[in-house]
Amino acid sequence: MTTATAPRRANPVPRRHGIRGQKPGWLTYTILAIWFTVSAYPLWWSFVAGSSDTTVLTSKFPPLIPGGKFLENASEVFATIDFWKALGNSVIVAGAITVSVLFFSTLAGYAFAKLRFRGRNGLLLFVILTLAIPTQLGIIPLFILMKQFGWTGSLGAIIVPTLVTAFGVFFMRQYLVDVIPDELIEAARMDGANQIRTFWHVGVPAARPAMAVLGLFTFMTAWTDYLWPLIVAGSNPTLQVALSQLQSAKYVNYTIVLAGAVLATIPLLILFFFAGRLLVSGIMAGAVKG
Amino acid sequence: MTTSPTGLRRTARAPLTFGQRLNRADQKYSPYLYVAPFFLLFALIGLFPLVYTFVVSLNDWDLLRGSGDWIGFQNYVTELTGPGFWNSLRNTFGIFLLSAIPQLIGATFIAAVLDQNLRAQSFWRLSVLLPYIVTPVAVALIFSSLFSEQYGLVNNVLANFGIDPVLWKHDTFAGQFAIATMVNWRWTGYNALILLAAMQAVPTELYESASLDGAGRVRRFFSITLPSIRPTFVFVIITATIGGLQIFTEPKLFDATSAVPGGAYHQYETTTLYIWNLAFNQDHFGRASAVAFMLLIIIVLIGLVNYAITRSIATGETKSAKKRLGRYRTAERAVTPSAVQIRQER
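Residues numbered from 1 in each chain as written. Chains lettered and ligands numbered in written order. Predicted model: local features only at pLDDT ≥ 70, side-chain atom pairs only at ≥ 80, totals over all residues.

**A word on the overall build of chain A**
When its secondary structure is counted, chain A shows 12 helices and 0 strands. Mapped in sequence order, the helices and strands of chain A form the string α-α-α-α-α-α-α-α-α-α-α-α. The C-alpha radius of gyration of chain A comes to 24 Å, more than 25% above the 19 Å expected for a compact globule of 290 residues. The dimensions of chain A, computed from C-alpha atoms along their principal axes, are 75 × 65 × 30 Å. Intrachain contacts of chain A at a sequence separation of at least 6 include 72% that bridge at least 24 residues. (Helix = DSSP H or I, 4+ residues; strand = E, 2+ residues; numbered from the N terminus. Rg over C-alpha atoms; globule rule 2.2 N^0.38 Å. Contact = placed C-beta atoms within 7 Å.)

**Let's talk about the domain arrangement of chain B**
Residues and elements named next belong to chain B. When the domains of chain B are assigned, the result is domain 1 (17-57) and domain 2 (76-344). On the side of domain 2, 7 residues touch domain 1, which itself brings 5 residues to the contact. When the residues that make up the side of domain 1 that touches domain 2 are grouped by side-chain class, the tally is 3 nonpolar, 2 polar and no charged. (Domains from an automatic or database assignment. Nonpolar A, V, L, I, M, F, W, Y, C, P; charged D, E, K, R; others polar.)

**Brief notes about the confidence of the model for chain A**
All names here are of chain A. On average, residues of chain A score 86 in pLDDT, and 90% of them reach the 70 mark or higher. Mean pLDDT per element in chain A: helix α8 (residues 182-190) is the minimum at 85, and helix α3 (residues 83-114) is the maximum at 95. Taken as a whole, residues 1-18 scores under 50 in pLDDT and shows 20 contacts with residues more than four places along the chain or in a different chain. (pLDDT = per-residue confidence, 0-100.)

**Notes on the nonpolar core**
Residue and element names in this part refer to chain B. Ranked by size, the top nonpolar core spans 169 residues in total, and within it Leu 193 and Leu 195 carry the most contacts. Considering every element that reaches this core, the biggest residue donor is helix α8 (residues 172-200), with 16 residues. The two domains that each donate at least three residues to this core are domain 1 (17-57) and domain 2 (76-344). (Core = buried A, V, L, I, M, F, W, Y, C linked by C-beta atoms within 7 Å. Buried ≥ 20, exposed ≤ 12 C-beta atoms within 10 Å, placed from the backbone.)

**Observations regarding the UniProt feature "transmembrane region" (unreviewed entry) in chain B**
Residue and element names in this part refer to chain B. As recorded in UniProt, the sites labelled "transmembrane region" (unreviewed entry) are residues 32-55, 93-114, 126-147, 228-248 and 288-309. In this annotation, residues 32-55 is assigned 100% helix and 0% strand; the end-to-end C-alpha distance for the span is 31 Å. With 76% helix and 0% strand, residues 228-248 has its two end C-alpha atoms placed 34 Å apart. (UniProt positions renumbered as here; feature names shortened; annotations may be inferred.)

**Notes on unusual backbone geometry**
All names here are of chain B. Of note, His 266 is a non-glycine position whose phi angle comes to about 55°, a positive value. Within the secondary structure, His 266 is located in the loop between α12 (249-254) and α13 (271-281). Its 20 C-beta neighbours within 10 Å are what place His 266 among the buried residues. With phi around 60°, Asp 283 is a residue other than glycine that occupies positive phi space.

**Considerations on the packing of α3(A) against helix α9 (residues 195-224) of chain A**
Residue and element names in this part refer to chain A. Close contact between α3 and α9 brings their axes to 8 Å; oriented N to C, the two are set at 140°. Classed by the angle they form, the pair α3 and α9 counts as oblique. Both α3 and α9 take part in a crossing whose hand is right-handed. Residues Ser 90, Val 93, Ala 94, Ile 97, Thr 98, Val 101, Leu 102, Ser 105, Thr 106, Tyr 110 and Lys 114 of α3 form the contact with α9, whose participating residues are Phe 199, Gly 203, Val 204, Ala 207, Met 211, Leu 214, Gly 215, Thr 218, Phe 219, Ala 222 and Trp 223. When the residues that make up the contact of α3 with α9 are grouped by side-chain class, the tally is 14 nonpolar, 7 polar and 1 charged. (Axes fitted to C-alpha atoms, helices over the stretch in contact; angles between N-to-C directions. Parallel < 35°, antiparallel > 145°, perpendicular 65-115°, else oblique. Left-handed = near helix turned anticlockwise from the far one by under 90°.)

**Brief notes about the interface of chain A and chain B**
Frequently, the measure chosen for interface size is the accessible area that the parts lose on association. The interface is formed by 102 residues belonging to chain A together with 102 residues belonging to chain B. For the side of chain A that touches chain B, the element with the most residues is helix α12 (residues 254-289) of chain A, which contributes 20 residues. Of the residues assigned to the side of chain A that touches chain B, the class counts are 65 nonpolar, 28 polar and 9 charged.

**A few points about the UniProt feature "transmembrane region" (unreviewed entry) in chain A**
Residues and elements named next belong to chain A. The UniProt record marks residues 26-47, 91-111, 123-145, 151-171, 210-231 and 251-274 with the feature "transmembrane region" (unreviewed entry), using the residue numbering of this structure. With 100% helix and 0% strand, residues 26-47 has end C-alpha atoms that lie 30 Å from one another. With 100% helix and 0% strand, residues 91-111 has end C-alpha atoms that lie 30 Å from one another.

**Points about the packing of helix α1 (residues 26-50) of chain A against helix α6 (residues 136-146) of chain B**
Across the interface, α1(A) lies against α6(B) with an axial gap of 10 Å and an inter-helix angle of 75°. On the basis of the axis angle, α1(A) is roughly perpendicular to α6(B). Residues A:Pro42, A:Trp45, A:Ser46 and A:Ala49 of α1(A) touch α6(B), and the partners they reach there are B:Ile142, B:Phe143, B:Ser145 and B:Leu146.

**What to know about the confidence of the model for chain B**
Residue and element names in this part refer to chain B. When the pLDDT values of chain B are averaged, the result is 83; 85% of them are 70 or greater. Contacts for the low-pLDDT stretch residues 321-346, under 50 throughout, to residues beyond four places or in other chains number 70 contacts. Predicted complex metrics record ipTM = 0.87 and pTM = 0.85.

The structure is reproduced here in structure tokens:
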């Protein structure tokens with residue numbers, strides 16, 4: 001009972017069941033095609049409208065064919081907001097947050113998963129409990145502090161509040177606890193490796209797949225964040241903040257706004273093209289592990 | 001399975017050399033060194049601000065004068081007796097219900113469709129995830145144009161059927177529906193993948209024996225699939241709640257021409273948006289903190305209720321001796337997988 005679709009998931013049991021035994025018919029593919037249309041059309045619409053003049057906004061049926069004015073509209077976007085600076089800021093912010101979260105999460109997650117120390121379980125429980133607390137609600141004191149330090153308007157102010165996440169530590173711990181055999185750590189110790197060497201030569205290589213997933217989601221989260229950068233960014237906006245400024249006028253020209261939305265989505269489309277499968281498997285693994 | 005005799009003898013006899021003592025200290029204390037940076041930073045940037053929110057909420061705080069006067073619970077009284085806070089809570093829960101319920105139904109449906117022996121399987125999985133990579137800001141801009149009252153595509157299409165333009169940006173229900181639509185569009189596919197993973201963990205034999213007993217497709221879905229994925233279902237509900245109660249970007253950017261964020265009549269002003277407006281537009285940091293603190297308590301309370309429900313489901317399941325569900329560790333799941341953090345940020 002081997003299936004044509006290669007089982008990429010950890011469990012190699014062939015799956016052909018679903019809610020039915022036989023092969024899916026045309027109804028299934030019709031439903032999926034409709035769902036795909038619903039998922040993709042708003043994005044396609046923003047490209048169609050962003051490449052046309054304003055007459056597209058009065059069309060009676062969903063327009064399908066892009067116009068020829070995308071570059072024209074895009075240059076209008078570049079004239080309104082400092083797109084490239086904002087893009088660079090977003091890369092720096094999301095990159096720095098990703099590196100920091102990965103580093104601290106792997107370090108602490110490894111210790112929680114594989115090292116024995118007093119108070120380990122208590123501390124881990126604390127990490128789990130804080131997962132459910134929305135730290136996002138602490139923005140007001142954070143802003144007051146940033147203001148007092150004179151950090152507002154700097155990229156550091158955007159980065160600092162998300163240097164570590166409880167989720168990252170928990171995620172790495174859950175992964176490493178199964179993936180590194182205790183004997184391997186013991187063997188490294190017997191060979192005379194100290195703790196940090198063991199971490200570096202045993203822990204980190206084993207953690208790589210999980211680091212890729214955690215890094216991807218951390219980057220996405222930092223990249224899409226709007227509330228906090230809006231508050232502290234000032235004259236140094238991230239891409240999301242700059243994008244939102246496109247429509248902050250009394251009169252909104254949606255063809256320009258949507259051209260901006262398309263431009264801002266391109267980096268993530270590229271990411272999706274290369275890392276989409278990793279995103280899918282990351283989401284699905286997150287649910288199975290627990 | 002004894003350790004090497006030389007090692008044993010050495011520790012038993014001679015006093016430890018400096019290197020050995022260093023090694024011991026390394027084994028014993030290094031773990032603390034590894035977890036300490038996380039806890040220090042998290043205390044500083046995660047927990048301290050939350051505690052300090054409460055302190056700020058007890059003051060007449062604004063940006064120019066700083067901490068202002070200690071006024072006890074006056075900010076809470078102001079908010080609990082005024083219309084703004086309650087209105088924002090009503091809106092938040094309204095949008096939450098309009099998004100959570102269709103999202104769950106849609107995600108379960110799509111997951112069930114995907115849980116088959118599909119051709120181009122990974123393409124279909126990728127396709128349902130596509131909206132997730134469009135950032136909330138871009139989503140808000142795109143749907144804000146689609147739901148334009150005068151020249152919006154939705155109203156244009158409706159006009160073909162003789163339906164009058166819907167006042168998406170002025171009517172309460174229409175506005176909340178539009179905002180819920182943005183949330184649903186971005187998150188349904190994501191949740192479908194989570195539920196799909198759970199569905200795939202259901203053993204095939206269960207379906208086979210049910211088929212032999214003559215159970216049809218629909219019957220199998222309702223009596224095998226749904227009960228089996230219940231823990232994941234609860235998890236999706238919890239993450240949808242934590243995220244849904246903090247919706248900000250979509251209502252903030254829905255109507256750029258409105259001078260008041262959250263609509264001309266505050267008709268889709270969510271609590272997070274209300275907090276932002278109080279603090280950063282009106283300079284009422286104390287009152288904004290009071291609202292933030294109350295929202296924090298509401299979210300934590302809902303989390304506790306969720307946890308209790310999940311636990312009772314877990315114990316109920318062990319009682320009913322469902323071995324196939326043994327692998328789920330439900331209670332832990334209540335506060336775990338990847339979506340928690342990711343969803344909080346929207």
